[in-house]
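# Remarks on the overall topology
The chain contents come next:
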Amino acid sequence: MSEGVQAQEYYGKIPRHIAIIMDGNGRWARRRHLPRVAGHRAGVESVRAIVRRCGELDVKVLTLFAFSSENWRRPAQEVGLLMELFIRALQRESRKLNENKVRLRVIGDLGRFPGKLRNEIDKAEALTRDNTGLQLVIAANYGGRWDITQALQALAWRIEAGEIHAGDVSESLIQQHLCLADMPEPDLFIRTGGEQRISNFLLWQLAYSELYFTDILWPDFNRDELDAALQWFARRQRRFGRTGEQVERIKSA
Ligand code: IPE
Ligand code: IPE
Ligand code: MG
């Protein structure tokens, strides 16, 4: 544990699930007159630091947006380099993640990825399957609309097969078919890089998350920056529709 924030300082206020849009790699590189891929490479270092910090603080789930369903629109060369970086990161980091009891899971429409990458994903998921530490979720070729669409399609198939009736469709049934069905919803959402938008990330699951935006570019986002976000989070009063007074009363009961 660092001399920074101690886990117990946040007792009861550490988010169970943190979801992050890791944005700003390209601008970080441009400021240094480097190719964009240098920013993505530096971004992998931030991932390492944030995963470690979340493990220390006993965060249960960390979901990282690595590649959106819209990122295919980027120049083919950048897309190719991102895939290579992803493959290499999986090859290099899996063993270490496993040693640290991290369970890795990749969500998204993986069919469009090169076979080699899918293979590395399968291997890393299989290796870490039984780990009970931090659950690290990487969203790759993920889109919130895609997620909701695939859930509804799965439900439609079940209705067509006569397993359930149209009238059975409920929020909880839809939720059960989404990618993160077995995880708590994100308590804290972070977007680095200065933009204040969701960019088709977890649309359904972010319904009640606290939204934290910072101008810090992802390669500069380190454990101190994460701690600053956690301090901000600890000061939020989560009301879920209730009044502030009600929440205070429930807390002191
Ligand atoms: C985020 O950084 C990484 C990915 C989308 C893969 P960007 O590459 O979007 O960086 P900026 O927004 O151009 O600075
Ligand atoms: C969102 O970043 C996706 C990821 C970080 C993977 P983008 O940089 O692609 O988002 P927009 O297109 O600027 O909204
Ligand atoms: Mg961007």
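We now turn to the structure provided with this report. From a predicted model like this one, the values you see are computed outputs, not experimental measurements. (Residues numbered from 1 in each chain as written. Chains lettered and ligands numbered in written order. Predicted model: local features only at pLDDT ≥ 70, side-chain atom pairs only at ≥ 80, totals over all residues. Heavy atoms only, no water.)

### Details of the packing of aromatic side chains
Any aromatic ring pair is given by two values, namely how distant the centres are and how the planes are angled relative to each other. Put simply, the rule reads: Each Phe, Tyr or Trp ring (for Trp, its six-membered ring) is paired with any other whose centre lies within 6.5 Å, and the angle between the two planes then decides the class: stacked below 30 degrees, edge-to-face above 60, tilted in between. Only protein chains enter the calculation, and the probe is 1.4 Å; a residue is then buried if its accessible area is under 20% of its type maximum, exposed if over 50%, and partly exposed in between. Per the convention used, a helix needs a DSSP run of H or I reaching at least four residues, while a strand needs a run of E reaching at least two, with both numbered from the N terminus. Remark: a charge is flagged as sitting over a ring if the NZ atom of Lys or the CZ atom of Arg is within 6 Å of the ring centre and within 35 degrees of the ring normal.
According to the stated counting rule, one finds 12 aromatic pairs in the structure shown. Between Tyr142 and Trp146, the ring centres sit 6.0 Å apart and the planes meet at 80 degrees, which makes this aromatic pair edge-to-face. Judged by relative accessible area, which is 26%, Trp146 ranks as partly exposed. On the numbers, 5.7 Å between centres and 65 degrees between planes, the contact of Phe189 with Phe213 is edge-to-face. Of this pair, Phe189 sits in strand β5 (residues 188-191) while Phe213 is found in strand β6 (residues 210-213), placing the two residues 24 residues apart along the sequence. Overall, Phe213 belongs to the partly exposed group, its relative accessible area being 27%. Counting every residue linked through ring pairs, the aromatic cluster contains Phe65, Tyr142, Trp146, Phe189, Phe201 and Phe213. The ring of Trp72 has Arg112 sitting right over it, with the charged end atom 4.1 Å from the ring centre.

### Concerning the sheet that holds β6
This is how it is decided: Pairing between strands is defined by DSSP: at least two bridges between them are needed. Under this scheme, a helix contributes an axis fitted over its contacting stretch, all axes are lines through C-alpha atoms, and angles between N-to-C directions fall in the 0 to 180 degree range. Between two residues, a contact is recorded if the distance between any of their heavy atoms is within 4.5 Å.
Strand order in the open sheet formed by 6 strands is β3-β4-β2-β1-β5-β6, with parallel pairing between adjacent strands. Every interior strand has two partners, whereas the edge strands, β3 (103-107) and β6, have only one. Across this sheet, the average inter-strand angle for adjacent strands is 20 degrees, counted without regard to direction. Looking at chain direction, strand β1 (residues 17-21) and β5 are connected through 4 bridges and run parallel. Note that in β5 the partner of Ile18 across the bridge is Leu188. Helix α2 (residues 36-56) contacts β1, β2 (61-68) and β4 (135-142) of the sheet and is inclined by roughly 160 degrees relative to β2.

So yeah, pure geometry; function would need other evidence.
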